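Summary of the model geometry
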Amino acid sequence: MSLLDFSSDAFIVSFFLYCAAFMLYGVAVMGKKWSNRDPQAHVERWGKRAFIASTVALAAHLIFFGTRWAGAGHIPVSNMYEFMSFLSMMIMVAFIVVYAIYRKSLLGLFALPLTIIIMAYAAVFPQEVQPLIPALQSIWLKIHVTLAALGEAFFAVGFAAGFMYLLRTVDFSGKDKSSRRQRGWVEFTLITIVVVVGFIGSVFAFRASGYEAVFVQETTSIDTEVQGNSTIEKVIYRMPPIFAPYNSEVESIKPFLGMKEPLLETPSWMNGVNAGRKLNTVVWSLIVGLILYGLIRLIIRRPLGQTLQPMLDGIDADDLDEISYRAIAIGFPIFTLGALIFAMIWAQIAWSRFWGWDPKEVWALITWLYYSVYLHLRLSRGWQGRKSAWLAVLGFLVVMFTLVGVNLIIAGLHSYAGAD
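Residues numbered from 1 in each chain as written. Predicted model: local features only at pLDDT ≥ 70, side-chain atom pairs only at ≥ 80, totals over all residues. Heavy atoms only, no water.

Looking up the protein in an unreviewed UniProt entry gives the name Cytochrome c-type biogenesis protein CcsB, with the organism given as Paenibacillus pabuli.

**Quick notes on the side chain of H74**
Definition in use: Numbered from the N terminus, helices here are DSSP runs of H or I no shorter than four residues, and strands are runs of E no shorter than two. We call two residues in contact when some of their heavy atoms are within 4.5 Å.
Examined against the element boundaries, H74 turns out to sit in the loop between α2 (39-72) and α3 (80-102). Excluding its chain neighbours within four sequence positions, the residues that come into contact with H74 are W69, E82, V129, Q130 and L132.

**Examining unusual backbone geometry**
One non-glycine residue with positive phi stands out, namely R301, at about 60 degrees. Position of R301 relative to the elements: it lies in the loop between α7 (275-300) and α8 (304-308).

**Thoughts on the packing of aromatic side chains**
Under the convention used in this document: Centres within 6.5 Å make a pair out of two Phe, Tyr or Trp rings, where for Trp the six-membered ring is used; the pair is then stacked when the planes are under 30 degrees apart, edge-to-face when over 60, and tilted otherwise. Buried means the residue's accessible area, taken with a 1.4 Å probe over protein chains only, is under 20% of the maximum for its type, while exposed means over 50%, and partly exposed covers the values in between. Geometrically, a charge over a ring is one whose NZ (Lys) or CZ (Arg) sits within 6 Å of the ring centre while staying within 35 degrees of the ring normal.
Under the definition given, this model contains 26 aromatic pairs. Ring centres of F15 and F16 lie 5.5 Å apart, and the angle between their planes is 85 degrees; this geometry places the pair in the edge-to-face category. Taking the relative accessible area as the measure of exposure, F16 reaches 53% and is therefore exposed. Among the aromatic residues, those joined into a ring-pair cluster are F155, F335, Y370, Y371 and Y374. Over the ring of W46 we find R49; its NZ or CZ atom is 4.5 Å from the centre of that ring. The ring of W383 carries K387 above its face, with NZ or CZ at 4.9 Å from the centroid.

**Some remarks on the nonpolar core**
For soluble globular proteins, nonpolar side chains are generally found buried alongside one another. The cut-off we apply is this: Take the buried Ala, Val, Leu, Ile, Met, Phe, Trp, Tyr and Cys residues and link them wherever side-chain atoms come within 4.5 Å; each set so joined is a nonpolar core. Where a domain begins and ends is set by an automatic assignment or by a domain database.
Ranked by internal contacts, the top residues of the largest apolar core, which has 120 residues, are M84, L107, L166 and V186. Counting residues per element, this core draws most heavily on helix α5 (residues 139-169), which supplies 19 residues. For this core, the domains that each give at least three residues are domain 1 (3-172 + 303-409) and domain 2 (213-270). Once you skip the residues sitting within four places of it in the chain, L166 turns out to touch V186, R386, A389, W390 and V393.

**Digging into the pattern of salt bridges**
Heads up, the rule is: In the sections that follow, a salt bridge refers to a side-chain nitrogen of Lys or Arg positioned within 4 Å of a carboxyl oxygen of Asp or Glu.
Inspection of the entire model under this criterion finds five salt bridges. One salt bridge in this structure joins E82 and R68, with 3.0 Å as the shortest N-O distance. Of the two residues, E82 is situated in helix α3 and R68 in helix α2; the sequence distance between them amounts to 14 residues. Side by side, E82 and R68 carry an identical accessibility label, which is buried. Among the ionic pairs, K234 bridges to E251, the shortest N-O distance being 3.5 Å.

**A short note on helix α6 (residues 177-209)**
In plain terms, the rule: Here the expected length of a helix is defined as 1.5 Å per residue gap, with one fewer gap than residues. Think of a polar contact as two N or O atoms within 3.5 Å of one another; within protein, one of them needs to be a possible hydrogen donor and the other a possible acceptor, and neighboring residues in sequence only count if both atoms come from side chains.
Between the first and last C-alpha of α6 there are 47 Å, a value that for 33 residues agrees with the 48 Å anticipated at 1.5 Å per step. Where α6 begins, the side chain of D176 points an oxygen toward the backbone nitrogen of S178, at a separation of 3.4 Å.

**Topic: a nonpolar patch on the surface**
We apply this condition: What makes a patch is a set of residues exposed beyond 30% relative accessible area and free of salt bridges, joined within 9 Å when like-charged and within 5 Å when nonpolar (Val, Leu, Ile, Met, Phe, Trp, Tyr). Accessible surface is estimated by sampling points in the Shrake-Rupley manner with a 1.4 Å probe; for residues, cover comes only from the protein chains shown.
The grouping of I287, I291, L295, L298 and I299 at the surface amounts to a nonpolar patch, some 510 Å² of accessible area in total. Turning to its location among the elements, L298 is positioned in helix α7.

**Structural notes on the environment of H42**
Topologically, H42 is positioned in helix α2. The exposure class of H42 is buried, given its relative accessible area of 9%. Taking the C-alpha atoms as reference points, H42 and V27, 15 residues apart in sequence, are found 9.2 Å from one another.

**Notes on a positive patch on the surface**
Here is the rule: A residue counts as positive if it is Lys or Arg and as negative if it is Asp or Glu; His and the chain ends are not included. By convention, the charge on Lys lies at NZ, on Arg at CZ, on Asp at CG and on Glu at CD.
Residues K175, K177, R180 and R181 make up a contiguous surface patch of positive charge. On the secondary structure map, R180 appears in helix α6. The partly exposed category is assigned to R180, whose relative accessible area is 45%.

Below is the structure:
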């Protein structure tokens, strides 16, 4: 067995160990209601077991990272599969650091799902080892990406604690306008998470079925076969085409639930040969995610946030607020060094300029400015509690757009980190 094969096995093992640790956290929280003894002792006992399982899973994750590094010959952070896998590992490292400070093991009940979802999202992308392009062949790759991901991981833990604070404090039985608005935004956040899960599930389901639709599109791309003054590009869909590429013809299509041709054509203003495929993926994610959310609501017969709130009984909301703030306060200087200062040094070496208004650079700056505002409002204006928690939640959405949206949607010098 090669190192890369062993690395892939370690990735799978760590994923299932994270899932097992998450279930143990669930036992710790849900089981306290049926415990004949001290409920708090039950939480602590099972929380310790869950934390041990999390630590073992992280060890397997580190083995994946080390063996892939050895097998590839370079640090595995050069594409979306590698980077998102690395980010999920850093989230667990950040969680363990925060746990060592506060000893709040139940934070894992929300940190573990983030790790699991991001690992599953990573597995959506091609997993082949790719040689580094010249711009990435630098020691600064290790410094820049490692510190940037670690800073973002602490932001993720801040998001988890902030969202737990909201679930703990929002009045789900209140009739006033403020309570309804807070409930609505909490539920919207949960719907967003379910949609992401729906996206991952739909990708794996259609991949397992071997679905494929091929379109031929006339384009101006220089990487295709030239035919007169135009070029021809093949666009391959792995999901049934609700939206076909603009100005394209069907070469082959596999029927799905009676659908033998695309329902709609991608609008002409959506430029790019892959614009239709991306729009199609977004639509499928929304469809599957909303169906999944609807099924959950049908089963539990009440808002998802209201169902989760009792799990947090007995947790001090002020502790959650403090953990969220401290995690972000730890992550901010690390992110500043990795994503801005060292990134600009590397940009000067690779591209002979410190700053070039590349989309990834701009959004890294936006992320840094956002958390600068968060810390300013927290320290100077006294924005604690619910205001601070919402800022932590929204901030992580900015982080995820910087990581995912910029890499996969906006073209730029950092697009090499994207997928197929």
